[in-house]
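Descriptive structure summary
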Amino acid sequence: MARTENQDNWLVRPLAGSRLLVAVADGIGGGPGGREASALAIETLARYEPAEAIGETFALANDRVHAHGQATRELLGMGTTLTAAVVGGGRVVLAHVGDSRAYRIGRVAIERLTDDHSVAGEMERVGTLTADESAHHPQRHVLTRAIGPFASVRVDVREVSLGADDRLLLCTDGLYNALDDEAIFGLAAAGAIEAAAHALVEAALAHGGSDDITVVLAELATERE
Ligand code: MG
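Residues numbered from 1 in each chain as written. Predicted model: local features only at pLDDT ≥ 70, side-chain atom pairs only at ≥ 80, totals over all residues. Heavy atoms only, no water.

What to know about helix α6 (residues 181-189)
Since the α-helix turns once every 3.6 residues, residues separated by three or four places project in the same direction. Every buried residue belonging to α6 is among Ile-184, Phe-185 and Ala-188, and all of these are buried. Taken around the axis of α6, the buried residues stretch over an arc of 100°, which confines them to a single face. Structurally, α6 contributes buried residues whose contacts are with β5 (101-105), β6 (110-112), β8 (167-171), α5 (173-176), α7 (193-206) and β9 (215-218). Phi turns positive one or two residues past the end of α6, at Gly-191, with a value near 70°. (Buried < 20%, exposed > 50% of the residue type's maximum accessible area, 1.4 Å probe, protein only. Helix = DSSP H or I, 4+ residues; strand = E, 2+ residues; numbered from the N terminus. Arc of directions from axis to C-beta. Contact = heavy atoms within 4.5 Å.)

Digging into the coordination of the magnesium ion
All of the protein donors around the magnesium ion are Asp-26 (OD), Asp-173 (OD) and Asp-211 (OD); their distances to the metal are 2.1 to 2.3 Å. The sequence pattern formed by the donor residues of the magnesium ion is D-x146-D-x37-D. Of this pair, Asp-26 sits in strand β2 (residues 19-26) while Asp-173 sits in helix α5, and the two are 147 residues apart along the sequence. Accessibility assignment for this pair places Asp-26 and Asp-173 in one class, buried. (Donors = N, O, S within 2.8 Å, 3.2 Å for Na, K, Ca; no water.)

A few points about the packing of aromatic side chains
On inspection of all chains with the given rule, the structure shows 0 aromatic pairs. The residue whose ring lies beneath Arg-101 is Tyr-176, and the NZ or CZ to ring-centre distance is 3.4 Å. (Phe/Tyr/Trp six-rings, centres within 6.5 Å; stacked < 30°, edge-to-face > 60°. Lys NZ or Arg CZ within 6 Å of the ring centre and 35° of its normal.)

Section: the sheet that holds β9
In space, the 4 strands of this open sheet follow the order β6-β5-β8-β9, with antiparallel pairing throughout. Only two strands of the sheet have a single neighbouring strand rather than two, namely β6 and β9. Direction aside, the axes of adjacent strands within the sheet are offset by 20° on average. In this structure, β5 lies alongside β8, joined through 5 bridges in antiparallel fashion. Note on β8: the bridge partner recorded for Ile-105 is Arg-167. Of the strands in this sheet, β5, β6, β8 and β9 touch α6, which is tilted by about 60° from β5. The strands touched by α7 are β8 and β9; relative to β9, the strand with the most contacts, the crossing angle is about 155°. (Pairing = 2+ DSSP bridges. Axes fitted to C-alpha atoms, helices over the stretch in contact; angles between N-to-C directions.)

Okay, structure coming up:
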């Protein structure tokens, strides 16, 4: 509601074996670099071959965004968050850099699956800040890891389970800065999955929509007759 261009990007891509590759990316900063960095990172994942490890695809995305930033003066240092998941076969492989988030929406609880790679997030993890202090810290938007600014990047990769009643939520900070975990859980768990995704974005917009808001919600397919 407050910005002239959307610097978030997202991907939902079917893979072989009834699996799905889903991702969100949030470009850093206000210049053209943010929009281009998130687009380039998502485009790299759109070419991701199932045989490759997703961590390697993240490294490739970093190479491409970094090279693009080095080649153009106005784009120097360009970067983006990138959170992705390969969903299928009862499990999820997550790869993550930056402060977008993945959550598992269970039947009775919401569980955050990613660490925020931000100054405030790092301080929260070592115990310097409480979760509430971290959420309001002036440096909560300053990233400690991103795709693109540097020649290499450390990627968090983990495998988590996803039950038949669970949903996987990927989102950019525009969602979780507007809505607390309880509100996210209530909307993400309720009703049909597509309506739930729209309800999350609508609720964040109603909260002011000062940032771009991107949501990808996934669940395991149930066998149909
Ligand atoms: Mg954002």
